[in-house]
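The lines below spell out each chain.
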Amino acid sequence: MKLSKELSTMVSQADKLKEEKESLEAKLKVMNEKVSMLEKIEESIKGLIKTAKEEEDARRKVGAYDPKKGYRTYYDAGKYDTAYYFVAEIREDNIIASKKFKPALYEKCPKCNKKVPLLMWYSQTYDSPEGDTWEKEAFTICLDCKTRHKIKRIARDNRF
Ligand SMILES: [Zn+2]
């Protein structure tokens, strides 16, 4: 079959459109990764504030109000939400949280070398009658570079 001149032109334009589409998709992928990084950083900072409040309420025995579970008189960190802390100590088999909610350990940002505080999250990531999974992850966030870096992640089958 011989294509008309007009149709041949349209075919070559379609090839260019495909290239343009692929280039935009690649840019979109990079932008989505940046958005997800910013979301994680924002979530960590808000998480620190939320956990600090939960710990404070538990200390004052006010009881954190949860509409689904009613009043609780203690804070079961990581059970119903992800708890965030500054890291007090990194051990071979554990990451110890600082309950003071101020930086304790620092690490260099891999991108700009600035010293940034070590943070961590703690959460029950799996809950079943057969067994649970509890996880801790130590990480840094750099607000200059707007990046987050994982330092260490560990899992156990019970609270730790
Ligand atoms: Zn940095």
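Anyway, here's the lowdown on the structure attached to this text.

The rules behind these values
Residues numbered from 1 in each chain as written. Predicted model: local features only at pLDDT ≥ 70, side-chain atom pairs only at ≥ 80, totals over all residues. Helix = DSSP H or I, 4+ residues; strand = E, 2+ residues; numbered from the N terminus. Rg over C-alpha atoms; globule rule 2.2 N^0.38 Å. Buried ≥ 20, exposed ≤ 12 C-beta atoms within 10 Å, placed from the backbone. Contact = placed C-beta atoms within 7 Å. Core = buried A, V, L, I, M, F, W, Y, C linked by C-beta atoms within 7 Å. Pairing = 2+ DSSP bridges.

Let us look at the overall build of the chain. Counting its secondary structure elements, the chain contains one helix and eight strands. Helices and strands in the chain line up, N terminus first, as α-β-β-β-β-β-β-β-β. In terms of overall size, the chain is more extended than a compact globule, its C-alpha atoms giving a radius of gyration of 24 Å where 160 residues would be expected to give roughly 15 Å. With the C-alpha coordinates aligned to their principal axes, the bounding extent of the chain is approximately 80 × 40 × 30 Å. For the chain, the residues scored as buried account for 14% of the 160 residues in total. The contacts of the chain with a sequence gap of at least 6 include a subset with a gap of at least 24, amounting to 49%.

Residues A83, Y85, V87, L119, M120, Y122 and A138 are the most contacted members of the largest nonpolar core, which totals 18 residues. Those elements giving two or more residues to this core turn out to be β3 (83–90), β4 (95–98), β6 (115–126) and β7 (133–142). Ranked by residue count, the leading element in this core is β6, at six residues. Not counting the four nearest positions on each side in its chain, A138 is found in contact with V87, I90, I95, L118, M120, I151 and K152.

Time to look at the pairing of β6. Direction of pairing for β3 relative to β6: antiparallel, over a ladder of four bridges. In the sheet register, Y85 faces β6, and the bridge partner there is M120. As defined by bridge partners, strand β5 (residues 106–108) adjoins β6 across three bridges and the pair is classed as antiparallel. Bridge pairing in β6 links Y106 to P117. Linking β5 to β6, which pair antiparallel, is a turn of six residues; within it N113 sits at a positive phi near 75°. Note: β6 against β7, eight bridges, orientation antiparallel. Within β7, the residue paired with Q124 across the bridge is W134. Connecting the antiparallel pair β6 and β7 is a turn made up of six residues.

Structural measurements only, silent on function.
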